[in-house]
Amino acid sequence: MIKHFFNKIATRTRIGFLAAFFLLFVSYILTFISTRKVKTQDYWMAHTSEVVHDLDNILAFITKAESEFRGYLITADNRFMADYDQSIRSTDSTFLRLKNTIANDTVQRKNLDVLHLLIKNKFTEIKKIVYNFLSTKKLSAVVLEGNIEGINKTKEIQDQISKMKYEENALWNERSEKVSEYSGVIQILNILSIIVAVFLTIYSLLVYNKENKGKLKASKKAEVYKLQLQERVTQLAKLNTELIELRRLEKYVVTGRIARVIAHEVRNPLTNINLACEQLHSELNGDESNEMLFNMISRNSERINQLVSDLLNTTRVEEFNFSEVSINKVLDETIEQALDRFKLNQIKLVKDYAENMPLISVDIQKIKIAFLNIIVNAIEAIEKNGVIRIETQYLNGKCVAKISDNGKGMTQSEMDRLFEPYFTTKEKGNGLGLANSQNIILGHEGRISAESEHGKGTTFTITLNK
């Protein structure tokens, strides 16, 4: 009976070992399959990231090409076209790499063919505009219409790239969900295996350590991708800023040309009106009602002539008397001219000047006019007890002045028309102050930009060369 007992124990022990071995074998197979699935998922994640990375690079190169092309139209500097050609080559090489990456994806290949056609049409349109510009050497109506068409084509390219990125991410999510479902089943079986056999607990710990290492590795990869994405976002933001500056400069050039046309077309008939008025005045008697009408014509003619002169002054290339001076000193002298306004409106002035600022070569009187227009606008934009902050910095070899207020700010539509002549949000303003400031700063080969949030204030940034 004792022998039978021990035989029974031995049999159960062997069955237990066999069961444990079987479960260990099954767990090993499941773990092996799971590892393969994880590797597959890691491959597709890298594949998706590579596709999205190449699509972002294509968009960035196209944006840079458009920026260089616009720079060429405005300055006629062939260096812009050299950079433009380099951007086209970079776009082509990235496109070929992307084509090889998605060679096995039928849907994305079709999307890529559509993208290739859009890019080809985009650069073909740019070539037409360049040929037209080379033949005319000016921004003709055909060139301007081509620019508008180019913007629309860029939007189509952006939409197509967004579509491809969306479909790539959707495909990756679908694969990830399948792997996740499969991993759930494997996890349940592993838990059952752990309950049956103690040694599988040790195995589970090993699996946990392995998965933890994989998680850390994936986290490091994700951090690298995050940094790369931030860098691309920064590059795109920089390119977008340059594009906005070029568009603003283009608008400034067009405004000047229109102003000169208006001046010519208005002053000629205005001169004839004045001559005719003088002739009638000399021929008619000195009747009081006639005299009043002649005075009315004369005053309004003078007003029209002054308005035309003011418009021309906002875009005319002025002559400057350059001398070297500290930007801090120029700002202090400008502030002195506006001190009464600060006191009257009970506005607090905060100055944060950088020390040891290098001297800049400017026309002191005219640059003070530009600064004064901006400071006065800031004063008029805020309520009593507001704050205006003026700071200077030396960045990247340039002197930078920032004038900030905590006033009512501006809407996006107002920002889009900020430097247009005769555009103003003030009841008694003539809309020429900021246009004149822009003309002066551009005449110094500087830059002026503005950032504003409705209800929170506005910041003007003026950058001048040493």
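About the cut-offs
- Residues numbered from 1 in each chain as written.
- Predicted model: local features only at pLDDT ≥ 70, side-chain atom pairs only at ≥ 80, totals over all residues.
- Heavy atoms only, no water.
- Helix = DSSP H or I, 4+ residues; strand = E, 2+ residues; numbered from the N terminus.
- Buried < 20%, exposed > 50% of the residue type's maximum accessible area, 1.4 Å probe, protein only.
- Contact = heavy atoms within 4.5 Å.
- Areas by Shrake-Rupley, 256 points an atom, 1.4 Å probe, with all protein chains shown as cover.
- Pairing = 2+ DSSP bridges.
- Axes fitted to C-alpha atoms, helices over the stretch in contact; angles between N-to-C directions.
- Phe/Tyr/Trp six-rings, centres within 6.5 Å; stacked < 30°, edge-to-face > 60°.
- Patch = residues over 30% accessible without salt bridge, like charges linked within 9 Å, V, L, I, M, F, W, Y side chains within 5 Å.
- Salt bridge = Lys/Arg side-chain N within 4 Å of Asp/Glu carboxyl O.
- Core = buried A, V, L, I, M, F, W, Y, C linked by side-chain atoms within 4.5 Å.
- Polar contact = N/O pair within 3.5 Å; in protein donor to acceptor, adjacent residues only side chain to side chain.
- pLDDT = per-residue confidence, 0-100.
- Left-handed = near helix turned anticlockwise from the far one by under 90°.
- Nonpolar A, V, L, I, M, F, W, Y, C, P; charged D, E, K, R; others polar.
- Expected span 1.5 Å × (residues − 1).

(A) Summary view of the overall build of the chain. When helices and strands are counted, the chain shows 11 helices and seven strands. The buried share of the chain, taken over its 466 residues, is 35%. Counting only contacts in the chain whose residues sit at least 6 apart along the sequence, the fraction spanning at least 24 positions is 78%. By element, 57% of the accessible surface of the chain is carried by carbon and sulfur atoms, the whole surface being about 28,800 Å².

(B) Quick look at the sheet that holds strand S7 (residues 457-465). Strands sit in the order S2-S4-S5-S7-S6 across an open sheet of five strands; the sheet is mixed. If you trace the sheet from one side to the other, it starts and ends with strand S2 (348-352) and strand S6 (447-453), each paired once. On average, each strand axis in the sheet is tilted by 15° relative to the strand beside it, whichever way the strands run. Sheet strands touched by helix H7 (residues 327-337): S2, strand S4 (387-395), strand S5 (398-405) and S7. Its angle to S4, the strand with the most contacts, is close to 165°.

(C) Here's a closer look at unusual backbone geometry. For Gln346, which is not glycine, the phi torsion reads 55° and is therefore positive. Looking at the secondary structure, you find Gln346 in the loop between helix H8 (339-344) and S2. Of the residues examined, Gln346 reaches a relative accessible area of 45% and is grouped as partly exposed. Unlike most non-glycine residues, Asn396 shows phi in positive territory, near 50°. Relative to the helices and strands, Asn396 resides in the loop between S4 and S5.

(D) Focus on the packing of aromatic side chains. Evaluated as defined, the whole model comprises one aromatic pair. Each ring, one from Tyr84 and one from Phe123, has its centre 6.2 Å from the other, and the planes form 80°; the classification is edge-to-face. Placement of the pair is Tyr84 in helix H2 (residues 78-101) and Phe123 in helix H3 (residues 106-136), with a sequence separation of 39 residues. Judged by its relative accessible area of 3%, Tyr84 is buried. The class for Phe123 is buried, based on a relative accessible area of 8%.

(E) Layout of a nonpolar patch on the surface. Taken together, Met292, Leu293 and Met296 make up a surface patch of nonpolar side chains, about 290 Å² in accessible area. By the secondary structure assignment, Leu293 is in helix H6 (residues 288-313). Its relative accessible area of 44% is what places Leu293 among the partly exposed residues.

(F) Focus on the nonpolar core. Ile327, Phe371, Ile388, Phe460, Ile462 and Leu464 are the most contacted members of the largest nonpolar core, which has 37 residues in total. It is helix H9 (residues 364-381) that provides the largest number of residues to this core, a total of seven residues. Filtering out sequence-adjacent residues up to four positions away, Phe460 remains in contact with Ile374, Ala401, Lys402, Ile403, Leu418, Phe419, Leu434, Ile448, Ser449 and Ala450.

(G) Local environment of the pattern of salt bridges. What the rule picks out here adds up to 12 salt bridges. Residue Lys366 pairs with Asp363 through a salt bridge whose shortest N-O separation is 3.9 Å. In this structure, the salt-bridge partner of Arg389 is Glu391, at a minimum N-O distance of 3.9 Å. Overall, the relative accessible area of 33% leaves Arg389 in the partly exposed class.

(H) Fine view of the side chain of Ser404. Inspection of the secondary structure assignment puts Ser404 in strand S5. Look at Ser404 and you get buried, because its relative accessible area is 16%. A polar contact of 2.9 Å, which involves the side chain of Ser404, links it to the side chain of Thr459. Apart from residues no more than four positions distant in its own chain, Ser404 is found in contact with Val387, Ile388, Arg389, Thr458 and Thr459.

(I) Representation of the confidence of the model for the chain within the structure. On average, residues of the chain carry a pLDDT of 77, and 72% of them reach 70 or more. Mean pLDDT across the secondary structure elements of the chain bottoms out at helix H1 (residues 2-75), with 68, and peaks at S5, with 94. Scored below 50 in pLDDT, residues 1-10 shows zero contacts in the model against residues more than four places distant or in partner chains.

(J) Broad picture of the packing of H9 against helix H11 (residues 433-443). The interhelical angle for the contact between H9 and H11, taken along N-to-C directions, is 145°, at an axis separation of 9 Å. The way H9 lies across H11 gives a crossing that is left-handed. In contact with Lys366, Ile367, Ile369, Ala370, Asn373, Ile374 and Asn377 of H9, H11 contributes Gly433, Leu434, Asn436, Ser437, Ile440 and Ile441. The residue makeup of the contact of H9 with H11, split by class, is seven nonpolar, five polar and one charged.

(K) Representation of the side chain of Asp54. With respect to the secondary-structure elements, Asp54 resides in helix H1. Residue classification places Asp54 among the buried positions, given a relative accessible area of 1%. The residues touching Asp54, leaving out its near neighbours within four places in the chain, are Thr94, Arg97, Leu98 and Thr101.

(L) Spatial organisation of H11. For H11, the buried fraction is high: eight of the 11 residues fall into the buried class. Looking at H11, one finds that the buried residues are Leu434, Ala435, Asn436, Ser437, Gln438, Asn439, Ile440 and Ile441. Of the residues one or two after H11, Glu445 is the one with positive phi, at around 60°.

(M) Structural context of H9. With 18 residues, H9 should cover 26 Å at 1.5 Å per step; its first-to-last C-alpha distance of 26 Å lies within 8% of that length. Every buried residue belonging to H9 is among Ile367, Lys368, Ala370, Phe371, Ile374, Ile375, Val376, Ala378 and Ile379, and all of these are buried.

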